[in-house]
Amino acid sequence: MSIDFLPDKPIYQQLIDRITGEIIRGNVKPGEKLPSVREYAVEVGVNANTMQRVYKELEMMGISETKRGQGTFVTDNETRLQQLRDEVKEGLVESFLNSIEALGFSKKEMIEFIQTRERGEKQ
Amino acid sequence: MIALEQVEKNYGKKQALKGVNLIIPPGKIIGLVGENGSGKSTLLKIIAGLTTPSSGTIQVNGLKATRSIASKVAYMPDADVFYPFYSVEKLFRFYETQFEDFNYSKACIVAQYLNVPLDAKLKTLSKGNRGRAKMAATLGREASYYLLDEPFSGFDPIVREDIIKGMIQFTDTETQTVLMSTHEIREAEPLLDAIILLNQGKILAYEEVETIRDQFRMDAITWMTKLIKEGDLSGNETYR
């Protein structure tokens, strides 16, 4: 199925986010083989050149490895994958902080709110 | 590579193309966009050698575009141009007699991929399946260049998606180039490397899709609309 892309961000970046998201969620496991460039391009309905760039960037980020004649695999380097989780968390917190700042909420206020909410959910 | 230099085309007093300079590199999928009457179909026909320019030169791989260029370039017209009493298979056999680069088995593979029955007569097929068959016949040619005039026009989203997937699956981005005119910019954008914006017979812009998103923080359709509006406001055109 083709996917919808956000209008204000390069498509290759959105695809990188998509693949790293799958890895973080555990839908794609460390060491697992990724589809070929063309398979993935057809699946999501993007240009194969764009997909090629996504795979190249993932490899440069140390998230994937290409084994000659075998294809592309998610790295089995747990340290790097833990780092990836932290990077994504950092990004989420960053955008959350920007949003609350824009609306004038304090961090303290939000932390307390989250804690109250947590307790409420547990009861 | 396709290279156009100072290409003009007049139909009587109407100028369809004005001073078009353009380079299309190999291995790209490029969208040709612009309002109705902006010159998209004329440009495709001129590159395909089906229409001669009033002035200027067109070269395809260093050869001048003439009618014989049709053997290098797979042109897919907007209209339904096939014999309705042909079956899909017969259509492919006909293509085989017309084009040296036609690969009958590739066309059948594409047709099967798109779920078009080979033995059905074109007149009995749905509009969507005729569109799929036309795409299969075009992709059946092992051409360096595919020139597609409005490949999605008039089809429902499912057919559009099939045609897009067929194009990704069966063209080689290392060696083959696709130039296609389209109004379905939102659907086509993820498929495109770059976009050429034609406005009143002139190239208003030629930009990589990812550059548009990265630098201008907008998608292709917003970018295009903005440029056309700015062009109109600047009043530098005399023919309004």
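Figured I'd write up the structure that's included with this text. (Residues numbered from 1 in each chain as written. Chains lettered and ligands numbered in written order. Predicted model: local features only at pLDDT ≥ 70, side-chain atom pairs only at ≥ 80, totals over all residues. Heavy atoms only, no water.)

On to the overall build of chain B. The helix and strand inventory of chain B stands at eight helices and 10 strands. The C-alpha radius of gyration of chain B comes to 18 Å, within 12% of the 18 Å expected for a compact globule of 240 residues. Excluding contacts between residues fewer than 6 apart, the proportion of contacts in chain B whose partners are at least 24 apart in sequence is 69%. Looking at chain B as shown, the accessible area adds up to about 10900 Å², and 51% of this sits on carbon and sulfur atoms. Here chain B carries 29 positive and 30 negative side-chain charges, and the mean point of each set is 7 Å from the other. (Helix = DSSP H or I, 4+ residues; strand = E, 2+ residues; numbered from the N terminus. Rg over C-alpha atoms; globule rule 2.2 N^0.38 Å. Contact = heavy atoms within 4.5 Å. Areas by Shrake-Rupley, 256 points an atom, 1.4 Å probe, with all protein chains shown as cover. Lys, Arg positive; Asp, Glu negative; His and termini not counted. Charge placed at Lys NZ, Arg CZ, Asp CG, Glu CD.)

Turning our eyes to something else, we now look at the sheet that holds strand 2 (residues 14–24) of chain B. All names here are of chain B. With antiparallel pairing, the four strands of this open sheet are ordered in space as 2-1-4-5. Across the chains shown, the open sheet's two edge strands, defined by having one partner strand only, are strand 2 and strand 5 (63–64). As judged from the two bridges shared by strand 4 (residues 55–60) and strand 5, these two strands associate in the antiparallel manner. Bridge pairing in strand 5 links glutamine 59 to lysine 64. On top of the sheet, helix 1 (residues 40–47) reaches strand 1 (2–11), strand 2 and strand 4; it is set at about 120° to strand 1, its chief contact. (Pairing = 2+ DSSP bridges. Axes fitted to C-alpha atoms, helices over the stretch in contact; angles between N-to-C directions.)

Okay, the packing of helix 4 (residues 127–139) of chain B against helix 5 (residues 157–170) of chain B next. Residue and element names in this part refer to chain B. Interhelical geometry of helix 4 versus helix 5 gives an angle of 10° and a closest axis separation of 10 Å. By the angle between their axes, helix 4 is roughly parallel relative to helix 5. Here Gly128, Arg132, Met135 and Leu139 of helix 4 come into contact with helix 5, specifically with Ile158, Val159, Asp162, Ile163, Gly166, Met167 and Phe170. Of the residues belonging to the contact of helix 4 with helix 5, the class tally is seven nonpolar, two polar and two charged. (Parallel < 35°, antiparallel > 145°, perpendicular 65-115°, else oblique. Nonpolar A, V, L, I, M, F, W, Y, C, P; charged D, E, K, R; others polar.)

This part covers the interface of chain A and chain B. How big an interface is tends to be stated in terms of the accessible area lost upon association of its parts. Taken together, the contacts link 22 residues of chain A with 25 residues of chain B. Looking at the side of chain A facing chain B, the largest losses of area belong to Arg38(A), Val42(A) and Asn47(A), adding up to 31% of the total buried there. Taken together, the connections running from chain A to chain B amount to 16 residue pairs in polar contact (both at pLDDT 80 or more). Looking at the side of chain A that touches chain B, the elements with two or more residues in it are helix 1 (11–25), helix 2 (37–44) and helix 3 (48–60) of chain A. Classifying every residue of the side of chain A that touches chain B by side-chain character gives 11 nonpolar, six polar and five charged. (Buried area = accessible area lost by both parts, 1.4 Å probe. Polar contact = N/O pair within 3.5 Å; in protein donor to acceptor, adjacent residues only side chain to side chain.)

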